[in-house]
Amino acid sequence: MNEIICPNCNTTFKVDEAGFADIVKQVRDHQFEDELANRLDLAETKKKLEISEALESIEKERDALMHDLKTKEAEKESAVKLAEATIKSALEKELAQKDRLLSELKAQSDTELAEKLAAKELELSQMKSQITHAETQKKLEISEVTKEIEKERDKLINDLKVKETQTELLEKSIKEKFTYELVQKDEEIDRLKNFKQKLSTKMVGETLEQHCEVEFNKLRATGFQNAYFEKDNDSRGGTKGDYIFRENDEEGNEIISIMFEMKNENDETSTKKRNEDFFAKLDKDRRDKGCEYAVLVSLLESDNEFYNTGIVDVSYKYEKMYVVRPQFFIPIITLLRNAAMNSMEYKAELNLMRNQNIDITNFEEKINAFKTGFARNYDLASRKFKTAIDEIDKTISHLQKTKDALLSSENNLRLANNKADDLTIKKLTYGNPTMKAKFDAQSEGGYDGE
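Structural notes, computed from the coordinates. (Residues numbered from 1 in each chain as written. Predicted model: local features only at pLDDT ≥ 70, side-chain atom pairs only at ≥ 80, totals over all residues. Heavy atoms only, no water.)

Regarding the overall build of the chain
Now for step 1: The number of helices and strands found in the chain is nine helices and eight strands.
Now for step 2: Out of the 450 residues in the chain, the part that is buried amounts to 24%.
Now for step 3: Within the chain, contacts between residues separated by at least 24 positions form 61% of all contacts whose residues are at least 6 apart in sequence.
Now for step 4: Only carbon and sulfur atoms are counted for the fraction: they give 54% of the accessible area of the chain, which is about 31,200 Å². (Helix = DSSP H or I, 4+ residues; strand = E, 2+ residues; numbered from the N terminus. Buried < 20%, exposed > 50% of the residue type's maximum accessible area, 1.4 Å probe, protein only. Contact = heavy atoms within 4.5 Å. Areas by Shrake-Rupley, 256 points an atom, 1.4 Å probe, with all protein chains shown as cover.)

Below, the structure written as structure tokens:
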């Protein structure tokens, strides 16, 4: 079982695998395309960002290397120029000195002068060679630095190509994954459509009924031990519902009763029914079978958000009627049952008050019966007395008749007196515990009812 928390009331509902799969399918159907597009856009944006960052990094490194190269070239050129200037200055000084020496040694012999000139030319040639070597060394260093820069550039280009290849592979993998999921989804939709096409309308309805019956039987032994949940087979009123739920307490008093109607519809049927089309019949079945509530378990109008919110109260149209989806079949029973359990205390108090009123009514009836009997006997006695007096005044011959009338009058008075003597609180309160308790409470010194 999976747990789902209602976003409106924070109530946790337990849903089986089939119900949970239906919820996941609904959410996935509406959000799958958006999620696929968002992920592809995100992958494309990430790829472009990585390429942009790699290019920017390469540009920065290239600029840094070019700056270092230019700095080193400037330093080399400065050093060469400084060396050339130094050598030139030294040569000029030496030439000046040589010229001075030559001018001083003009007087010397041509041989010595030639030797000295040869030596000076050799020194000059050596200095030129040193300058040429310095220039060659400078060019060699520049070439080495350039080769290092080109190697780093080639490495960065190779890294960029590797990243582009990895991004393309990742993009291809994501596309293949979502393409596979789309194919799976389409195959599942086709399978369900084929399955529904093979079912008749009656079979589809019976499948929903069987689902609800199985869900109830899972909890019957633990949560609904005193409950009755069976198909409605009584069609004497012209129609019948699908199922009736009744539950009694330990004393046999009814706690709650619900008339259920299960409605499903094949996607391939040409005419689509609405939930409202079954409200009037369901209300009539509820009243005919004496049920307190009516519940329509429906898969009709699957795109109607009003019925997809959960438990829908339609009592504004028909009294005590609700519309639910199959996953809320058990929760609606539980909610209505808990509400009925809370009202049982008030029903018990109402029955107690009703029984007390019946006891008081019985007591009043006994008093009225006594009054009626006593008045009837008194009336008979009065009439007999009058008859006797009239007979005495008329004739003595009627004396015997008067005597009989007097005896009859005495007998009625005796009976009336006996009834008055026999009338006791104990007799009046017999079988009436309410009045007996009230008389006992008002009696002082333990009145025994005599």
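Points about the side chain of aspartate 285
Now for step 1: Along the polypeptide, aspartate 285 turns up in helix α4 (residues 279-288).
Now for step 2: By relative accessible area, which is 0% here, aspartate 285 ends up buried.

What about a negative patch on the surface?
Now for step 1: A cluster of acidic residues, Glu61, Glu144, Glu148 and Glu152, forms a negative patch at the surface.
Now for step 2: Considering each element in turn, the negative patch owes the most residues, three residues, to helix α2 (residues 110-198).
Now for step 3: Structurally, glutamate 144 is set in helix α2. (Patch = residues over 30% accessible without salt bridge, like charges linked within 9 Å, V, L, I, M, F, W, Y side chains within 5 Å. Salt bridge = Lys/Arg side-chain N within 4 Å of Asp/Glu carboxyl O. Lys, Arg positive; Asp, Glu negative; His and termini not counted. Charge placed at Lys NZ, Arg CZ, Asp CG, Glu CD.)

A short note on unusual backbone geometry
Now for step 1: A positive phi angle, close to 50°, is found at glutamate 301, a residue other than glycine.
Now for step 2: Tracing the backbone shows glutamate 301 in the loop between β6 (293-298) and α5 (305-308).
Now for step 3: Judged by its relative accessible area of 22%, glutamate 301 is partly exposed.

Things to note about the packing of aromatic side chains
Any pair of aromatic rings gets described here by the distance separating the centres and the angle formed by the planes.
Now for step 1: On inspection of all chains with the given rule, the structure shows 11 aromatic pairs.
Now for step 2: Here the aromatic rings of phenylalanine 216 and phenylalanine 224 are separated by 5.0 Å at their centres, their planes lie at 25°, and the arrangement is stacked.
Now for step 3: Note on phenylalanine 216: relative accessible area 0%, which makes it buried.
Now for step 4: Residue class for phenylalanine 224 comes out buried when judged on its relative accessible area of 3%.
Now for step 5: For the pair tyrosine 293 and tyrosine 322, a centre-to-centre distance of 6.4 Å together with 40° between the ring planes defines the contact as tilted. (Phe/Tyr/Trp six-rings, centres within 6.5 Å; stacked < 30°, edge-to-face > 60°.)

Quick notes on α4
Now for step 1: The set of residues buried in α4 consists of Phe279, Leu282, Asp283, Asp285 and Arg286. Down the axis, α4 shows its buried residues gathered within 160° of arc, on one side only.
Now for step 2: In the core, the buried residues of α4 are packed alongside β5 (254-263), β6, α5 and β8 (321-324).
Now for step 3: Looking at the residues trailing α4, positive phi occurs at glycine 290, about 70°. (Arc of directions from axis to C-beta.)

Observations regarding the pairing of β6
Now for step 1: The buried fraction of β6 amounts to six of the six residues, a majority that puts the element mostly inside the structure.
Now for step 2: Because side chains alternate across β6, one face comprises the buried residues Tyr293, Val295 and Val297, and the other comprises Ala294, Leu296 and Ser298, equally buried.
Now for step 3: Note: β5 against β6, six bridges, orientation parallel. In the strand pairing of β6, isoleucine 258 is matched with tyrosine 293.
Now for step 4: Bridge count between β6 and β8: four bridges; the pairing is parallel. Opposite valine 295, over in β8, you have tyrosine 322 as the bridge partner. (Pairing = 2+ DSSP bridges.)

Looking at the side chain of aspartate 242
Now for step 1: With respect to the helices, strands and loops of the structure, aspartate 242 is situated in the loop between β3 (227-231) and β4 (243-248).
Now for step 2: One buried charged side chain, aspartate 242, makes no salt bridge at all; its nearest oppositely charged neighbour is lysine 231, positioned 5.1 Å away.
Now for step 3: Within polar-contact distance, the side chain of aspartate 242 engages the backbone nitrogen of methionine 262 at 2.7 Å. (Polar contact = N/O pair within 3.5 Å; in protein donor to acceptor, adjacent residues only side chain to side chain.)

Examining the nonpolar core
Now for step 1: Core analysis: the largest hydrophobic core is formed by 26 residues, its most contacted members being Phe245, Phe260, Met262, Val295 and Phe329.
Now for step 2: Beyond its immediate stretch of four places on either side in the chain, methionine 262 contacts Leu208, Glu209, Cys212, Phe229, Asp242, Tyr243, Val297 and Phe329.
Now for step 3: Within the second largest apolar cluster, 12 residues are counted, among which are Ile244, Phe279, Val314 and Met321. (Core = buried A, V, L, I, M, F, W, Y, C linked by side-chain atoms within 4.5 Å.)

With respect to the sheet that holds strand β7 (residues 312-313)
As a general point, the strands of a sheet are linked pairwise by backbone hydrogen bonds and lie either parallel or antiparallel.
Now for step 1: One open sheet holds the six strands; their spatial order is β3-β4-β5-β6-β8-β7, and the pairing between them is mixed. On the outer flanks of this sheet lie β3 and β7, each paired with one strand and no other.
Now for step 2: Here six bridges tie β4 to β5, and the two strands are oriented antiparallel to one another. Bridge assignment links asparagine 248 to a residue of β5, and that residue is glutamate 254.
Now for step 3: Here α4 sits on the sheet in contact with β5, β6 and β8, set at roughly 150° to β5. (Axes fitted to C-alpha atoms, helices over the stretch in contact; angles between N-to-C directions.)

Examining the pattern of salt bridges
Now for step 1: Evaluated as defined, the whole model comprises 18 salt bridges.
Now for step 2: The partner of lysine 231 in a salt bridge is glutamate 209, with the nearest N and O atoms 3.0 Å apart. Of the two residues, lysine 231 is situated in strand β3 and glutamate 209 in helix α3 (residues 201-223); the sequence distance between them amounts to 22 residues.
Now for step 3: Looking at glutamate 209, the relative accessible area reads 11%, which means it is buried.
Now for step 4: Salt bridges sharing partners connect three or more residues here, namely Glu261, Lys263, Lys281 and Asp285.

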